[in-house]
Amino acid sequence: MSLYSDYLTEIETRKAEGLNPKPIESDGLVLELVSQIKDLGNAHREDSLKFFIYNTLPGTTSAAGAKAAFLKEIILGQATVAEISAEFAFEMLSHMKGGPSVEVLLDLALGDDAAIAQQAAEVLKSQVFLYEADTDRLDEAYKAGNPVAKGILESYAKAEFFTKLPEIDEDIKVVTYIAGEGDISTDLLSPGNQAHSRADRELHGKCMMSEKAQAEIEALKLQHPDKRVMLIAEKGTMGVGSSRMSGVNNVALWTGKQASPYVPFVNYAPIVAGTNGISPIFLTTVGVTGGIGLDLKNWVKKVDEDGNPILNNDGNPVLEQKYSVETGTVLTINSKTKKLYSEDGSEELVDVAGAFTPQKLEFMKAGGSYAIVFGKKLQTFACEALGVELKSAFAAAKEVSHEGQGLTAVEKIFNKNARGTTPGKTLHAGSDVRVKVNIVGSQDTTGLMTSQELEAMAATVISPSVDGAYQSGCHTASVWDLKAQANIPKLMSFMNKFGLITARDPKGEYHAMTDVIHKVLNDITVDDWDITIGGDSHTRMSKGVAFGADSGTVALALATGEASMPIPESVKVTFKGTMADHMDFRDVVHATQAQMLKQHGDNVFQGRIIEVHIGTLLADQAFTFTDWTAEMKAKASICISEDETLIGSLELAKGRIQIMIDKGMDNAGQVLQGLIDKADKRIAEIRSGENPALTPDNSAKYYAEVVVDLDEIVEPMIADPDVNNADVSKRYTHDTIRPISYYQADKKVDLGFVGSCMVHKGDMKIVAQMLKNLEKTGGEVTFKAPLVVAAPTYNIIDEMKAEGDWEILQRYSGFEFDDFMPKSKARTEYENILYLERPGCNLCMGNQEKAAKGDTVLATSTRLFQGRVVEDSTEKKGESLLASTPVVVLSAVLGRTPTLEEYKAAVEGIDLTKFAPPLDKPAGARSAHF
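Residues numbered from 1 in each chain as written. Predicted model: local features only at pLDDT ≥ 70, side-chain atom pairs only at ≥ 80, totals over all residues. Heavy atoms only, no water.

Caption draft 1: Inspection of the overall build of the protein chain at higher detail. Along its length, the protein chain carries 31 helices and 33 strands. Against the globule reference of 30 Å for 930 residues, the protein chain gives a C-alpha radius of gyration of 28 Å, in line with a compact fold. Overall size of the protein chain, expressed as C-alpha extent along the three principal axes, is 90 × 70 × 65 Å. Residues classed as buried in the protein chain amount to 60% of the 930 residues present. In the protein chain, once contacts between residues fewer than 6 apart in sequence are set aside, the share between residues at least 24 apart is 73%. Each charge class in the protein chain was averaged separately, 95 positive and 130 negative side chains, and the resulting centres sit 1 Å apart. (Helix = DSSP H or I, 4+ residues; strand = E, 2+ residues; numbered from the N terminus. Rg over C-alpha atoms; globule rule 2.2 N^0.38 Å. Buried < 20%, exposed > 50% of the residue type's maximum accessible area, 1.4 Å probe, protein only. Contact = heavy atoms within 4.5 Å. Lys, Arg positive; Asp, Glu negative; His and termini not counted. Charge placed at Lys NZ, Arg CZ, Asp CG, Glu CD.)

Written out as structure tokens, the structure reads:
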């Protein structure tokens, strides 16, 4: 069977599913198409032409290489195809976005045929995805006196690839579509359980929201052919939970513009909005595609005569509507006045200037942020090559500086890592800057998209300025099913070749490491001044500052070693009082949220940095706090650590990196060894006093400050999705924090889950200690609900085995994972036993394992969104409640939430994760967890 025959078979299979032919990425199939195109009598010639022209992926795919080579033959007259003229061949090359296409264009532009060279040069002047190999060729040709090369460089020096693009429309007509009431999770736009299909854009697009919603959007487009559909989170925030490039891709697929007639199912420029704006990381993703994200502010708090908010019976502010955005409403966005108007423009509804900053306007004009990043580098290169002054065609970096004002922690990190800013100028929050990225993480359910983005931007190797990068296998760790077997080896091979440390070895020489990505990134971040970019919203390290990002921003960081963003404002979080012996640190996390809302009324964390002064906790324990900040819609979090505690964290990290080296995971560039060397250097700086642990200046300015009183934390707390709240917008948020006494020991628990990135070794030991405690006080331990336990890393299991705790868990378990016989199917039914699952995300991700529909799940994870951990049944809504490890374990044993007395008895004598404010830590202790 030929590849073409196989392709036809695949087409028939997809047709039965209502899908078009899958875009072609392999050169073998393209070469067969070319052969059939050349054969004028071939029965498949017409279809082969269509597939070649309209269905071949661009960038650095092998298919793009074969396509570019054939187009070069046509242009040079070495092949004749009546349907593809030389002009048409050049047009197709112009849409192929770098890599082989740029190589071909350079061959032609620097070739001997003057007419062809000039045509190729005109196309090259519109391209921005050039790398060193490409620019080196131009530079050498220019120095050798080639006039065509000089002309191209002169065009680049003026940034004509950008300046000659059409301006964005002044008036943008939109028709509204309300995606839902309340916060809209990216799980609604791109469900986690469909993660396996994200690289197949057309197929994945079918999972957005619902078939009913898709039909309604299509109907709106037919009714309003001259308008753009704007997707809205009514009374909520759009895109909470994850960055989800796949979510933006889906919205763009249904509501955006086609990127190129020759690139199938790649759309851009979606328009999204929310009453409370857009989640920060999701907004970054919207910018990647040149989209628009609006803060509607169409519902506001109703106030009394004294200006105080009027509260309802539940103590929540009563909202009143300023203007309607119900589905089908036509509105006008004016990109010049930067305001939202009624349909005819007569009524101003809201100022949306934040959506139209100079930088965001450039993204919209260029069709996305990538083109701007590469364009700036290309213009700089051309000016240097020509020896002319750089007159940037792009908006000047916004530099905000307040004389005499100190720096927050994030401001210090950004000032240290900033690129292209005014030398010697101190930058404060609000500045918009390019920064060096030190660590990059790619996770497995978005990694295939990242690899596609790298191919699309013609990148072939990781930037040498990145200190370390890791490709995980944790999101697909639970079940090694056919989908994982098809996707993951291909992903690992690509990333390994690109230069990342990979969880799986394409050569099969080291044991697969399914450790949770955030735990690995937390270890390989070995400097508190580092900037980390990771393909997941929980990229929130307890060292340095880390930003969760979409697959495209991850690709950009890998390819360029840079990221661009404004310096966010910060909220300072400090602690006072004493933590009760029976409390766990997870309850401090919940209390921070509850007390913040009590102190400020609104979520002051949203869109900002949470600077948490929690320096007596080692990195593993502190990560429980920084990890949780993603649920607060914070931009990121920074842990302010004490010198000795930071040294302890770095020593732990060195040991874990060494284990990776011992397994054989280091690459030819010895990246992992380089990280150990960097950690040693940082430890020496701290010990010598040359550069102590990062702290903010005393005169730093904060948006707000939160002081958490540990004395107020007297009983364990649960974050409740509040699924039956009469106010739909209050459901599935993290705002409802309840003490366990609220449930009066009457809340039935159907399944308990201890796992995800929120837990550490201490949590796993707590499980073992509790089981021993319960057996001692009540005899044999029986579970009235299943308890699923998934350690986040293999290191934890190895250390627990050495210390004897794993043996305890094995004794109580009814199932233990086997790496030599991994599950091939997701579990659909659970017994009332303890399950010891493979390290990884497990239930938290929701793409493989799931609780039974309608279950009430009590978990240590972070996700309480509808349908994530558990879906609704026809009889009951699924609930994902979040609590500390001891509460989850006890609830699984009891089959219900415990009383405070039952809880205290169960944890008596157990070493829970403790915390003491820095001034109150025990003398001589490296960590308060002692």
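Caption draft 2: Local environment of the nonpolar core. In this structure, Phe 52, Ile 84 and Met 457 are the most contacted members of the largest nonpolar core, which totals 115 residues. Among the elements that make up this core, the one with the highest residue count is helix H17 (residues 369-386) (11 residues). In contact with Ile 84, other than residues within four places in its own chain, are Leu 49, Phe 52, Ile 53, Leu 71, Ile 74, Ala 89 and Met 92. If you look at the next biggest cluster of nonpolar residues, it comprises 82 residues, including Phe 623, Ala 679, Met 764 and Val 781. (Core = buried A, V, L, I, M, F, W, Y, C linked by side-chain atoms within 4.5 Å.)

Caption draft 3: Structural view of the pairing of strand S31 (residues 834-837). Side chains Leu 834 and Leu 836 of S31 all project onto a buried face; the interleaved residues Tyr 835 and Glu 837 project onto the opposite face, where all are buried too. When strand S29 (residues 787-790) meets S31, the two strands line up parallel, connected through four bridges. Residue pairing in the sheet places Val 788 in a bridge with Tyr 835 of S31. As paired elements, strand S30 (residues 813-816) and S31 share three bridges and run parallel to each other. Bridging from a neighbouring strand, Ser 813 pairs with Leu 834 of S31. (Pairing = 2+ DSSP bridges.)

Caption draft 4: Seen up close, empty space enclosed by the protein. According to the stated counting rule, one finds nine cavities of 30 Å³ or more in the structure shown. Its boundaries defined by the atoms lining it, the largest cavity holds a volume of some 200 Å³. Along its surface, the largest cavity is lined by 25 residues, and His 475, Asp 536, His 538, Met 845 and Arg 868 are the ones closest to its centre. Estimates place the volume of the second largest cavity at around 110 Å³. Breaking the lining of the second largest cavity down by element, the ones donating at least two residues are helix H21 (517-524), helix H24 (619-628) and helix H28 (794-803). (1 Å grid on protein atoms, 1.4 Å probe; cavity = no way out; pocket = protein on both sides within 12 Å on 5 of 7 lines; lining within 4 Å. Points joined across faces, edges and corners; volume = space filled by probe spheres on them.)

Caption draft 5: Spatial organisation of the sheet that holds strand S15 (residues 432-436). Read from one edge to the other, the open sheet built from three strands follows the order S14-S15-S21, with strand pairing classed as antiparallel. In this open sheet, the two strands that pair with only one neighbour each are strand S14 (418-419) and strand S21 (562-566). The sheet contact formed by S14 and S15 spans two bridges and is antiparallel. Bridge pairing links Arg 419 to Arg 434 in S15.

Caption draft 6: Region of the structure containing the side chain of His 760. Inspection of the secondary structure assignment puts His 760 in the loop between strand S28 (751-754) and helix H27 (761-778). Among the polar contacts made by the side chain of His 760, one reaches the side chain of Thr 913 at a distance of 3.4 Å. Dropping the residues within four chain positions of it, His 760 is found in contact with Lys 519, Asp 620, Gln 621, Thr 624, Ile 796 and Thr 913. (Polar contact = N/O pair within 3.5 Å; in protein donor to acceptor, adjacent residues only side chain to side chain.)

Caption draft 7: Focus on the packing of aromatic side chains. In this structure the tally under the stated criterion is 20 aromatic pairs. Each ring, one from Phe 414 and one from Phe 547, has its centre 6.1 Å from the other, and the planes form 85°; the classification is edge-to-face. Placement of the pair is Phe 414 in helix H18 (residues 409-417) and Phe 547 in strand S20 (residues 545-548), with a sequence separation of 133 residues. Given a relative accessible area of 3%, Phe 547 falls into the buried group. Ring centres of Phe 605 and Trp 628 lie 6.4 Å apart, and the angle between their planes is 85°; on these two criteria the pair is classed as edge-to-face. A residue pair is termed long-range when its members are at least 10 positions apart, and Phe 605 in the loop between helix H23 (585-600) and strand S23 (609-613) and Trp 628 in helix H24 qualify at 23 residues. With respect to burial, Phe 605 and Trp 628 carry one shared label: buried. In this structure an aromatic cluster arises from ring pairing among Phe 575, Phe 585, Phe 605, Phe 625, Trp 628 and Phe 915. The cationic tip of Lys 235 hangs over the ring face of Trp 299; the distance from NZ or CZ to the ring centre is 4.3 Å. Arg 827 extends its terminal NZ or CZ atom over the ring of Phe 815, reaching a point 4.8 Å from the ring centre. (Phe/Tyr/Trp six-rings, centres within 6.5 Å; stacked < 30°, edge-to-face > 60°. Lys NZ or Arg CZ within 6 Å of the ring centre and 35° of its normal.)

Caption draft 8: Inspection of helix H4 (residues 62-75) at higher detail. The terminal C-alpha atoms of H4 lie 20 Å apart, and with 14 residues this matches the ideal 20 Å at 1.5 Å per residue to within 8%. All of the buried residues in H4 are Ala 63, Ala 64, Ala 66, Lys 67, Ala 68, Phe 70, Leu 71, Ile 74 and Ile 75. Where the residues of H4 are buried, they touch helix H2 (27-38), helix H3 (45-54), helix H5 (86-94), helix H6 (100-109) and helix H7 (114-124). Just downstream of H4 lies Gly 77, where phi reads positive at about 80°. (Expected span 1.5 Å × (residues − 1).)

On their own, these measurements won't tell you what the molecule is for.
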